[in-house]
Amino acid sequence: MCVITIIWLLTLGNVITANLDPSLNDWTLITSRFMSFDLPIRKYILQVKTSLPEDYDTNPVYNETVRVDKSTTMMVELYDGPTRVGRLTWNSIHYQRGYDVYTEECNTFYVSYRNFPCGGREEQLWAWKFNRNNLELSCDDEVQYSQYFSMGDSFRNLQEKCRDLGRAEISRVAVRFMEGAYVRAVPMETVQEPTTIGFRVATTLATTRPTGPTTSPPLPGPLSFEQDFPTCNCWTPECGYCSNLHCTVKQDLVSSDHGISVRSKLLWGSKRLNSIALYDEKGSILGHFQWGLSGIYLTGCMSCQTPPNLRRARAPIGLTSWVFSLKNLVLQIKINEEVLFERELRGECAEHYSAVRRFAFDGMNCENRFLLQPDMEVGAMINPTCSNSCPMFALADMFGVQRMPFS
């Protein structure tokens, strides 16, 4: 079963005319359970300075008779004039169950952080940033959460509410349950100019690009085409959280006979998906292809349950070899040369993803591998060690430890 998402055009509406509350030019102490400030959120980054509580439980018991201590919880409400249009809730710790951060208009359930925020340090500097097509929450400059306005959860029919949040002219914010914390507003360092890509406005991810070449020098020694590389995770500070072209692989997926051959674990759950970020030639992100045993997703175009025959084809133990293909704008997943899932992209989806010229692995680890193909050019950060992010796997290759071949 698939849900075909109707693509939308993010309109910017009228020019935001609200002025910044002067008190937010510097750190302001929150002294009550509710305080509000004038803040044109698209012109400023909202920063919150707080600290970890002395005692906290990362795995509390949740049931009807036990009240979970939420001294870790912070909340910001967003207003368009007198109307509340959004509510952001997040925690200063990473819960084992992933009940960490939540945008009420976009998320059915709480979403997990990438890791424990701010490296577990007592003092924390949080930042909420509203881009043109998504919002981001970071702690000490490490992005922990990102929500695209085009990707509201379908379970509670939140797609339209999430889009409305992206369109809203937010001019005021209110903070709740944050006594003792400090807040301030910092002007956006750069204004991101929209890039029109068919049916929506996308943003070029990196405001600055490396000045060197976007591909690595010729592969040394025994490395060759058809050799597997680790799926280097682009969601790192070094890769600019998937914005650095050095962390991408150049390949024209729409005309490629090879596609992307991957060996990875196939797991259940929406938080355990294989995720490939798709870019145009210049590095603007077009969307993500994601899949696992529970579902198959293509940003803005597709949300499907994984068919039973595809689930049954996974390896009983360890990693499964599979191929993602987008040739002629037909999305395919193959295992053992057999096409087990196929959908043709049409209309605006076809127009949008016809621009795919690069990809990167988002959130995948060193254990997973992909095949270097003749029609690929790897960025300088894509190498056997993932630029020292996967040193143990490079040592295994050096000493001739045999890997399971792609099937």
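All of these numbers come straight from a predicted model, not from anything done at the bench.

Caption draft 1: Layout of the sheet that holds strand S26 (residues 369-371). Read from one edge of the open sheet, six strands run S15-S26-S17-S22-S23-S24, paired in antiparallel fashion. Taken across any chain shown, the strands that pair with only one partner, and hence form the sheet edges, are strand S15 (228-230) and strand S24 (338-344). Averaged over neighbouring strand pairs, the angle between their axes works out to 25° when direction is ignored. Here two bridges tie strand S17 (residues 260-264) to S26, and the two strands are oriented antiparallel to one another. By the bridge assignment, Val 262 is partnered in S26 with Phe 370.

Caption draft 2: Inspection of the packing of aromatic side chains at higher detail. Applying the stated criterion across every chain, the model contains 13 aromatic pairs. Consider the rings of Trp 128 and Tyr 145, whose centres lie 6.2 Å apart with planes at 80°: the pair is edge-to-face. One end of the pair, Trp 128, is in strand S8 (residues 123-130); the other, Tyr 145, is in strand S10 (residues 142-148), with 17 residues separating them in the sequence. Using a relative accessible area of 3% as the deciding quantity, one classes Tyr 145 as buried. Here the aromatic rings of Phe 359 and Phe 370 are separated by 6.2 Å at their centres, their planes lie at 85°, and the arrangement is edge-to-face.

Caption draft 3: Layout of the nonpolar core. Formed by 45 residues in total, the largest nonpolar core has its most connected members in Leu 278, Phe 289 and Phe 324. Setting aside anything within four residues of it in sequence, one finds Phe 289 in contact with Asn 274, Ser 275, Ile 276, Leu 278, Ile 296, Tyr 297, Leu 298, Trp 322, Phe 324, Leu 331 and Ile 333. If you look at the next biggest cluster of nonpolar residues, it comprises 38 residues, including Ile 30, Val 76, Leu 135 and Met 178.

Caption draft 4: Spatial organisation of the pattern of salt bridges. Counted according to the given criterion, the structure contains 16 salt bridges. In this structure, the salt-bridge partner of Lys 250 is Glu 281, at a minimum N-O distance of 3.3 Å. Here Glu 281 lies in the loop between strand S18 (274-279) and strand S19 (285-291) and Lys 250 lies in strand S16 (residues 249-250), a separation of 31 residues in the sequence. The partly exposed category is assigned to Lys 250, whose relative accessible area is 26%. A relative accessible area of 36% places Glu 281 in the partly exposed class. Where salt bridges share partners, they join Glu 77, Arg 84, Arg 87, Glu 104 and Arg 176 into one cluster.

Caption draft 5: Seen up close, the state of the cysteines. Per the counting criterion, the structure on display carries six disulfides. Across the disulfide from Cys 118 sits Cys 139; the S-S distance is 1.6 Å. On the sign convention where negative means left-handed, the S-S torsion of about -80° between Cys 118 and Cys 139 marks this disulfide as left-handed. With Cys 118 in the loop between strand S7 (101-103) and S8 and Cys 139 in strand S9 (residues 134-139), this pair connects stretches of sequence that are 21 residues apart. Summarising the burial analysis for this pair, Cys 118 and Cys 139 share the class buried. Note on cysteine connectivity: Cys 232 is disulfide-linked to Cys 386, with sulfurs 1.9 Å apart. When the S-S torsion is -85°, as for the bridge of Cys 232 with Cys 386, the disulfide is left-handed. Residue Cys 232 is found in the loop between S15 and S16, and its partner Cys 386 is found in the loop between strand S27 (377-378) and helix H4 (391-398); the two are separated by 154 residues along the sequence. Of the residues examined, Cys 386 reaches a relative accessible area of 6% and is grouped as buried.

Caption draft 6: Representation of the side chain of Thr 231 in the model. In this structure, Thr 231 sits in the loop between S15 and S16. Among residues more than four places away in sequence, those in contact with Thr 231 are Val 262, Phe 361, Met 364, Asn 365, Asn 368, Arg 369 and Phe 370.

Caption draft 7: The arrangement of helix H1 (residues 159-167) in detail. Every buried residue belonging to H1 is among Cys 162, Arg 163, Leu 165 and Gly 166, and all of these are buried. Down the axis of H1, the sector holding all buried residues measures 155°, keeping them to one side. Packing partners of the buried residues in H1 comprise strand S5 (73-80), strand S6 (83-91), S7, S9 and S10.

Caption draft 8: Focus on the environment of Gly 363. In this structure, Gly 363 sits in the loop between strand S25 (358-361) and S26. For the pair Gly 363 and Ile 276, spaced 87 residues apart in the sequence, the C-alpha separation amounts to 8.7 Å. When neighbours within four sequence positions are excluded, Gly 363 is seen to be in contact with Arg 114, Asn 233 and Trp 235.

Caption draft 9: Structural detail: the side chain of Thr 73. Within the secondary structure, Thr 73 sits in strand S5. A relative accessible area of 12% means that Thr 73 is categorised as buried. Side chain to side chain, Thr 73 and Asn 91 meet in a polar contact 2.7 Å long. Residue contacts for Thr 73: discarding those within four places in its chain leaves Thr 89, Trp 90, Asn 91 and Phe 177.

Caption draft 10: Inspection of the pairing of S18 at higher detail. Judged by how many residues are buried, S18 sits mostly within the fold: six of six residues are covered. Of the two faces of S18, the one lined by Asn 274, Ile 276 and Leu 278 and the one lined by Ser 275, Ala 277 and Tyr 279 are each fully buried. Relative to S19, S18 is paired through six bridges, and the arrangement is antiparallel. Bridging across to S19, Tyr 279 finds its partner in Ile 285. With antiparallel pairing between neighbouring strands as the criterion, S18 and S19 make up a hairpin whose turn holds five residues, including Gly 283 at a positive phi of roughly 105°. For S18 and S25, the ladder comprises four bridges, and the chain directions are antiparallel. Its bridge partner being in S25, Leu 278 is matched across the sheet by Phe 359.

Caption draft 11: Main features of the confidence of the model for the chain. Per-residue confidence for the chain averages 79 on the pLDDT scale, and 78% of its residues sit at or above 70. Contacts from residues 6-17, a stretch scored under 50 in pLDDT, to residues over four places away or in other chains number 30 contacts.

The rules behind these values
- Residues numbered from 1 in each chain as written.
- Predicted model: local features only at pLDDT ≥ 70, side-chain atom pairs only at ≥ 80, totals over all residues.
- Heavy atoms only, no water.
- Pairing = 2+ DSSP bridges.
- Helix = DSSP H or I, 4+ residues; strand = E, 2+ residues; numbered from the N terminus.
- Axes fitted to C-alpha atoms, helices over the stretch in contact; angles between N-to-C directions.
- Phe/Tyr/Trp six-rings, centres within 6.5 Å; stacked < 30°, edge-to-face > 60°.
- Buried < 20%, exposed > 50% of the residue type's maximum accessible area, 1.4 Å probe, protein only.
- Core = buried A, V, L, I, M, F, W, Y, C linked by side-chain atoms within 4.5 Å.
- Contact = heavy atoms within 4.5 Å.
- Salt bridge = Lys/Arg side-chain N within 4 Å of Asp/Glu carboxyl O.
- Disulfide = S-S within 2.5 Å.
- Arc of directions from axis to C-beta.
- Polar contact = N/O pair within 3.5 Å; in protein donor to acceptor, adjacent residues only side chain to side chain.
- pLDDT = per-residue confidence, 0-100.

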